[in-house]
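Summary of structural features
Each chain, written out:
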Amino acid sequence: MILPVYAQVDLTNGRWRKCTISAKLFEQYLGGKALGARLLTDLTPAGLDPLSPEAVLIVNTGPMNDTGAPSSSRFNMTFKNVLTGGIASSNCGGPFGMLLKKAGFDGLILCGKAPELSMVVVEDGKIRIEPCPQLQGLDTERIQEELPERYGKLVIGPAGENQVRFACAASGERVAGRCGAGAVMGSKNLKAIIAFGTREVVKANPEGFEAHTRKWVKQLKKHPMTGDSLPRYGSAGLVSKANASGVLPTRNFTRGRYEHYEDVSGETLADTKLLRNSGCVSCPIRCERRVKVKGKDVKGPEYETLGLFGPNLENNNLDLINELNYRCDLLGMDTISLAGTIAFAMELQEKGMGDFGLKPGQPEDLLRVVEDVACRRGPAGELAEGSKILSEKYGGADFAIHSKGLELASYEPRKSVGMGLGYATANRGGCHLNGGYLALLESVGVISMDAQTPKGKPELTVFFQNGMEAASAAGFCLFTMQAMIPGILFKFGPASFVCRAAGKAMLAARPLLSQIWKCMPWIMPINCMLVPHSKSIALATGLPMTIGKFFTVGERSYNVERLYNLREGLTRADDALPERLTKTPQEPDQPDTVVPLDQMLPVYYKVRGWDAHGVPTAKRLRHLGIPLPEEG
Amino acid sequence: MAQVRYHGHLADLTGCRQEALEGTTVAKLLDQIKRQHGAEAYRLAKRSHIIVDRRSAGAEKGFRTPAGLDSLVEFIPVCGGG
Ligand code: SF4
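Every chain's residues receive numbers from 1 upward, in the order its sequence appears when written. Chains carry letters from A onward and ligands carry numbers from 1 onward, assigned in written order. Residue-level local features of this predicted model are given only where pLDDT is at least 70; pairs of side-chain atoms are given and counted only at 80 or more, and the full residue set underlies all totals for whole chains, interfaces and linings. Computation of side-chain values: all heavy atoms of the structure, hydrogens and water removed.

With that settled, the discussion passes to the overall build of chain B. When its secondary structure is counted, chain B shows three helices and five strands. Each helix is a run of DSSP H or I of at least 4 residues and each strand a run of E of at least 2, with the numbering of both proceeding from the N terminus. For chain B, the N- to C-terminal ordering of α and β elements is β-α-β-α-α-β-β-β. For 82 residues, the compact-globule formula gives about 12 Å, and the C-alpha radius of gyration of chain B, at 11 Å, lands near that figure. Principal-axis analysis of the C-alpha atoms places the extent of chain B at approximately 30 × 30 × 20 Å. Throughout this description, buried means an accessible area under 20% of the type-specific maximum (1.4 Å probe, protein chains only), exposed means over 50%, and partly exposed covers the range between. Across the 82 residues in chain B, those meeting the buried criterion constitute 54%. Positive charge is attributed to Lys and Arg, negative charge to Asp and Glu, and no charge count is given to His or to the chain ends. In plain terms, the charge of a residue is placed at NZ if it is Lys, CZ if Arg, CG if Asp and CD if Glu. The average position of the 12 basic charges and that of the 9 acidic charges among the side chains of chain B differ by 6 Å. Computation of the radius of gyration draws on C-alpha atoms, with the globule rule given as 2.2 Å multiplied by the number of residues to the power 0.38.

Bringing the interface of chain B and chain A into the picture now. We call two residues in contact when some of their heavy atoms are within 4.5 Å. Opposite the 27 residues of chain B that make contact, chain A presents 37 residues. Buried area is a sum: the accessible area each of two parts loses on coming together, probed at 1.4 Å, counted once for each and added. A combined buried area of about 2,500 Å² lies between chain B and chain A, and 54% of that area is made up of carbon and sulfur atoms. Each reported salt bridge corresponds to a side-chain nitrogen of Lys or Arg within 4 Å of a carboxyl oxygen of Asp or Glu. At the boundary of chain B with chain A, the tally comes to three salt bridges. Polar contacts, as counted here, are pairs of nitrogen or oxygen atoms within 3.5 Å of one another; within protein the pair requires one atom able to donate a hydrogen and one able to accept it, and residues that are adjacent in sequence qualify only if both atoms are side-chain atoms. Taken together, the links from chain B to chain A amount to 10 residue pairs in polar contact (both at pLDDT 80 or more). Mapped onto the side of chain B that touches chain A, the elements with two or more residues apiece are strand 3 (49–52) and strand 5 (72–76) of chain B. Top contributing element to the side of chain B that touches chain A by residue count: strand 3 of chain B, with three residues. Classification used: nonpolar for Ala, Val, Leu, Ile, Met, Phe, Trp, Tyr, Cys and Pro, charged for Asp, Glu, Lys and Arg, polar for all others including Gly. Its residues placed into classes, the side of chain B that touches chain A shows eight nonpolar, 10 polar and nine charged.

Now for the domain arrangement of chain A. Residue and element names in this part refer to chain A. In terms of domain boundaries, chain A breaks down into domain 1 (5–196), domain 2 (232–407) and domain 3 (416–631). Each partner contributes residues to the interface: domain 1 has 31 residues there, and domain 2 has 37 residues. Between domain 1 and domain 2 the total buried area reaches about 2,700 Å² when both faces are included, carbon and sulfur atoms providing 54% of it. When the buried area of domain 1 at its contact with domain 2 is split by residue, Phe 166, Glu 173 and Arg 178 rank highest and sum to 27% of it. What marks off one domain from the next here is an automatic or database domain assignment.

This part takes up the site of the ligand. The rule for a residue being near a molecule or strand is that one of its heavy atoms must lie within 4 Å of it. As a matter of local geometry, the ligand sits amid Arg74(A), Arg174(A), Gly279(A), Cys280(A), Cys283(A), Ile285(A), Arg286(A), Cys287(A), Cys477(A) and Phe479(A). Structurally, the ligand is housed in the largest cavity. A 1.4 Å probe that fits but cannot get out identifies a cavity on a 1 Å grid over protein atoms alone, an open set with protein on both sides within 12 Å along at least five of seven lines counts as a pocket, and a residue lines either if it has an atom within 4 Å of a point. Just a note on the criterion: a molecule sits in a pocket or cavity if more than half of its atoms are within 2 Å of the grid points.

Let us now look at the pairing of strand 5 of chain B. Residue and element names in this part refer to chain B. In terms of residue burial, strand 5 counts as a mostly covered element, since four of its five residues are buried. Strands are treated as partners if at least two bridges between them are detected by DSSP. Sheet analysis places strand 1 (residues 2–6) next to strand 5, joined by four bridges and oriented parallel. Among the inter-strand pairings, Gln 3 is bridged to a residue of strand 5, identified as Leu 72. As paired strands, strand 3 and strand 5 are joined by four bridges and run antiparallel to one another. For Val 52, the partnering residue across the bridge sits in strand 5 and is Val 73.

Here we come to the nonpolar core. Judged by nonpolar contacts, the single largest core of 211 residues is most densely connected at Met77(A), Leu110(A), Val122(A), Ile193(A), Phe309(A), Met333(A) and Tyr437(A). Residue contacts for Met333(A): discarding those within four places in its chain leaves Ala159(A), Val164(A), Phe166(A), Ala167(A), Cys168(A), Cys328(A), Leu338(A), Val370(A), Val373(A) and Ala374(A). Grouped together as the second largest cluster of nonpolar side chains are 22 residues, Tyr6(B), Leu10(B), Leu30(B) and Ala45(B) included. Working definition of a nonpolar core: buried Ala, Val, Leu, Ile, Met, Phe, Trp, Tyr and Cys residues. They are joined through side-chain atoms within 4.5 Å.

All names here are of chain A. Ordered in space as 13-14-15, the three strands form an open sheet in which the pairing is antiparallel. The open sheet has two edge strands, strand 13 (274–278) and strand 15 (296–299), and neither has a second partner. Pairs of neighbouring strands in the sheet enclose a mean axial angle of 35°, with direction left out of account. Judged from the four bridges that link them, strand 13 and strand 14 (residues 288–293) form a sheet pairing that is antiparallel. The residue bridging Leu 274 from the neighbouring strand is Val 291, located in strand 14. Here an angle of 0 to 180 degrees is reported between the N-to-C directions of two axes, which are lines fitted to C-alpha atoms, with helices fitted over the stretch in contact.

The next thing to look at is the confidence of the model for chain B. Residue and element names in this part refer to chain B. As a per-residue quantity, pLDDT reports the predictor's confidence and falls between 0 and 100. Scored by pLDDT, chain B comes out at a mean of 94, with 100% of its residues at no less than 70. Considering each helix and strand of chain B separately, the mean pLDDT is smallest for strand 4 (residues 55–56), with a value of 90, and largest for helix 2 (residues 26–37), with 97. Model confidence for the complex is summarised by a pTM of 0.97, with the ipTM given as 0.96.

Residue and element names in this part refer to chain A. Examined against the element boundaries, Asp 372 turns out to sit in helix 14 (residues 366–375). The sequence separation of Asp 372 and Glu 262 amounts to 110 residues, and the corresponding C-alpha distance is 30 Å. Contact partners of Asp 372, with chain neighbours within four places excluded, come to Arg 377, Ala 380 and Gly 381.

All names here are of chain A. Running from N to C, helix 18 (residues 457–474) and helix 23 (residues 547–567) cross one another at 100°; their axes reach a closest spacing of 7 Å. Between helix 18 and helix 23, the angle falls in the class roughly perpendicular. Of the residues in helix 23, those touching helix 18 at Phe 463, Gln 465, Asn 466, Gly 467, Glu 469, Ala 470, Ala 471 and Ala 473 are Phe 550, Phe 551, Val 553, Gly 554, Glu 555, Ser 557, Tyr 558 and Glu 561. Tallied by class, the residues present in the contact of helix 18 with helix 23 amount to eight nonpolar, five polar and three charged. We call two directions roughly parallel when the angle between them is under 35 degrees, roughly antiparallel when it is over 145, roughly perpendicular when it lies between 65 and 115, and oblique otherwise.

All names here are of chain A. Packing of helix 12 (residues 318–331) against helix 14 brings their axes to within 10 Å, and their N-to-C directions diverge by 10°. Taken together, the axes of helix 12 and helix 14 are roughly parallel relative to one another. Once helix 12 is placed against helix 14, the crossing between them reads as right-handed. On the side of helix 12, the interface is formed by Leu 320, Glu 323, Leu 324, Arg 327, Cys 328 and Leu 331, while helix 14 contributes Leu 366, Leu 367, Val 370, Glu 371 and Ala 374. By convention, the crossing between two helices is left-handed when the near helix turns anticlockwise from the far helix through less than a right angle, and right-handed when the turn is clockwise.

Note on placement: Phe75(B) falls in strand 5. Each residue touching Phe75(B), except ones within four places of it in the same chain, is listed here: Val4(B), Arg5(B), Tyr6(B), His7(B), Leu10(B), Leu30(B), Ile33(B), Ala45(B), Ser48(B), His49(B) and Ile50(B).

This brings us to the packing of aromatic side chains. All names here are of chain A. Centres within 6.5 Å are what make two rings of Phe, Tyr or Trp a pair, Trp counting through its six-membered ring; a difference in plane orientation under 30 degrees is then read as stacked, over 60 as edge-to-face, and the rest as tilted. Within this structure, the stated rule accounts for 17 aromatic pairs over all chains. For the ring pair Tyr 605 and Trp 610, a centre distance of 6.2 Å and an interplane angle of 35° mean the geometry is tilted. Note on Tyr 605: relative accessible area 1%, which makes it buried. Accessibility expressed as a relative area gives 5% for Trp 610, which makes it buried. The ring of Phe 196 carries the charged tip of Arg 150 above its face, separated from the ring centre by 4.3 Å. Geometry around Phe 399 places Lys 351 over its ring, the cationic atom sitting 4.3 Å from the centre. As a reminder, the over-ring test applies to NZ of lysine and CZ of arginine, requiring each to be within 6 Å of the ring centre and within 35 degrees of the ring normal.

Structure representation (structure tokens):
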């Protein structure tokens, strides 16, 4: 078995050294965010400022990167979350991860602070740090054009240099968007990391792997979700259904429906703006939209950006959203956190609680706001701190739409209560994907499930959180998990008896789902095409991977991340949502249109094997092979 | 007559975004779609999210969900993402 090789790089003095991940850690955590969380916990003391030189930034791949497995180009960045103070992991589908591996490293562990603006150059097993003052202020596109073409690049824009708390890092046109990875790079005077090499990934069973990959690609292409709707509409296709289900956040999450939703829907985007679809390296799904902005062919907005720069700001100008999306990518900012923070600041301003120079009702002014935030300039520059810090200064915590400090994604959870639980419990804060993405079952997917009942939601949330965590650790795109929903259901349709029964059956399975983790991984000692990921990992790495072990990697990772959060001072009280979502019904005449978090959280903790305060029990940690915090 | 609105590819197949159709349940509206726009449109409509007066038919009585005279019935493609 070939073990992952990492490099520890001290940016302060330019020294670096190679280290190999032990076989035990590799088997337990694979790579990506799971291994990142373990390493970050082990390598840093509690209480560091995430933007201090002592803070550690891990940029790593998973074992599947560069293997040619479907949708396996996703690499990861792990660090102390700039918005929440807890764990952060941010994922990106750009070419950097693949080139890092070709350069001979599975991951980089960066600490210290370069004396001047610099870049790390990784090439054929060697690393050097080069000052790059000439790149100062360049946007993410310009800088990538300036750097030599053959390298895989991971760069920041002006927002990262200015340590905007939700600054992202970009590779190609893809970004590691959430939690402030760009700010951490900026705090280290690190403008770019570039990598080049020719190393090939050696697979344990090349023939078996190729055959499995062919079968899997065929399956993805045949599946109605990954073979048709994602390539056809991308995630943007969700706007119409989200609106119909009341989960399209509108006017800072005061409502879940927007009267002009059709102006910003995926269908309108496809009919009027779409040039073609595209995608990350080695992806047969190709969910990316290409649109024209000012005559230029650029990456189009995802559903999140459409929802949060559109209805949530009562903006129905699709051209403007496309341009805002592009500007944010150039400046290097997460569209979710930025748009969420603008919506909150607008409400503060309308209520006379603060003045950020915003112009409600004049969406065109948002282009100016976005620049001001990236440059921390003028009254709007204060938005660079994010909603949580703004609410601590100006008030309005009940309508600051974040969890733990990370702004919520574009699903209004009062009409998708399991998604609400996911937001509240996600280790990195208000993230739909890290939260288990129950909206797909409750509101926007093919299965017809009762979206308001709290019953069964904790069990399903844990299941999907763990599954997605494992996929991410290996380097797979989370969208591959959506093909786990049997394709046959799409033939019947959501209104059919079959899809309605499927929703009921999943909720009814809660006694089983609540016990399953006690028997993992032994309960699923197999591999099958329902979860093709595990066999793919086994064939590529030689690890004795099964579906049970795969899900256990996810559970282990979730627990390590939780322990990190607890160590950094987060508590049960941080598993929360703003009162607007838990106390004010979305539909005034339907009292159940709130997120019943108090009912779901205790069950969630129990299913996870945590105590009533949300602390993983020693028994659970031992079961997962995680050292108890006091054992170090 | 219920107002029926088509989203996505279904609008291309039926050649319109919205039309009035006769039918007191979702199933009867689907029959009308088959009659007027053919089997392919019917198949796609049946596989769509069907929203009757802002409520998902999947959460109501499925294809037996009633549609009133002034109901708005929407057919929205099932999409993925996140
Ligand atoms: S499904 Fe989309 S986001 Fe995922 S790897 Fe493919 S193109 Fe990238």
